[in-house]
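# Tertiary structure, described
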Amino acid sequence: MTHMSYIECNNLSLGYDGKAVVEGLNFKIGKGDYLCVLGENGAGKSTLIKTILGLIDKVSGDIIYADGLKAYEIGYLPQQTGVQKDFPATVWEVVLSGTLAASGFKPFYGKREKELARQKMEELDIWELKKKCYRNLSGGQQQRVSIGRALINHPAILLADEPTGNLDSRSSDEIVELLKLSNQKYKQTIVMITHNLEIAKIADRILRIEDGRLV
């Protein structure tokens, strides 16, 4: 049985307005991979994630998605930003909203969605926070809630953009462990973006972007 590739990038160049910041990327993201994309800030790591998600257009080259891979099967954990932190919703609402992508955005949560949310929240140890307001949580708790939202539909792939960005080392280790568990337990493919080599070391494969190239 061949190792299935979910996403294949062939001679891919990325950037904005047709100007490439990263060129000539060739790599595959396979089923069950734990891949880390390492690089300095501004190296084009986030641009890569956004291009894979289809949020921005590629400059040239190809991104080939496996047959039948739906957009909603790619989970996305964006960088934590001030705007996100001020989200005036409860933990329960934030996690549950992650089911919308797969349900075709019908604003209705059935038993199945609620059960998924409960299971995921218990697994991430945030069930007892369910009535708390998202913005009153610590950074580590907020990130667990964001992971819950991103993973609630058991996406085939999770793209995590600097998931430990603003966290202290303990919270940061916990988040990395949670992602690792998801990779091992559910064979979920994780693609993590980071500038931190220590964090990158736990991945199975590391792609390093430097000076606009893959090294």
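Coordinates for the structure precede this section.
So, here is what we can say about the structure in this document. (Residues numbered from 1 in each chain as written. Predicted model: local features only at pLDDT ≥ 70, side-chain atom pairs only at ≥ 80, totals over all residues. Heavy atoms only, no water.)

## Thoughts on helix α4 (residues 111–123)
- An ideal rise of 1.5 Å per residue puts 18 Å on 13 residues; α4 measures up with 18 Å between its terminal C-alpha atoms.
- Within α4 the residues assigned to the buried category are Glu113, Leu116, Ala117, Lys120 and Met121. Viewed end-on, α4 has its buried residues packed into an arc of 125°, placing them on one side of the element. What points out from α4, more than 90 degrees from its buried face, is the exposed set Lys111 and Arg112.
- For α4, the secondary structure elements touched by its buried residues are α3 (91–97), α5 (139–151) and α6 (169–186).
- Downstream of α4 by a residue or two, Asp125 has a phi angle that is positive, lying close to 65°. (Helix = DSSP H or I, 4+ residues; strand = E, 2+ residues; numbered from the N terminus. Expected span 1.5 Å × (residues − 1). Buried < 20%, exposed > 50% of the residue type's maximum accessible area, 1.4 Å probe, protein only. Arc of directions from axis to C-beta. Contact = heavy atoms within 4.5 Å.)

## Thoughts on unusual backbone geometry
- At Asp125, a position not held by glycine, the phi torsion is positive, near 65°.
- In this fold, Asp125 is placed in the loop between α4 and α5.
- In this model, Glu162 sits at a positive phi of 45°, which is unusual for a non-glycine residue.
- Within the fold, Glu162 resides in the loop between β6 (157–161) and α6.

## As for the sheet that holds strand β4 (residues 60–65)
- In space, the three strands of this open sheet follow the order β2-β1-β4, with antiparallel pairing throughout. Here the strands that pair on one side only, and so sit at the sheet edges, are β2 (19–30) and β4. Ignoring strand direction, the axes of neighbouring strands in this sheet form an average angle of 15°.
- As defined by bridge partners, strand β1 (residues 5–16) adjoins β4 across five bridges and the pair is classed as antiparallel. When the bridges of β4 are listed, Glu8 appears paired with Ile64.
- This element, helix α1 (residues 45–52), spans β1, β2 and β4 of the sheet and lies at about 120° to β1. (Pairing = 2+ DSSP bridges. Axes fitted to C-alpha atoms, helices over the stretch in contact; angles between N-to-C directions.)

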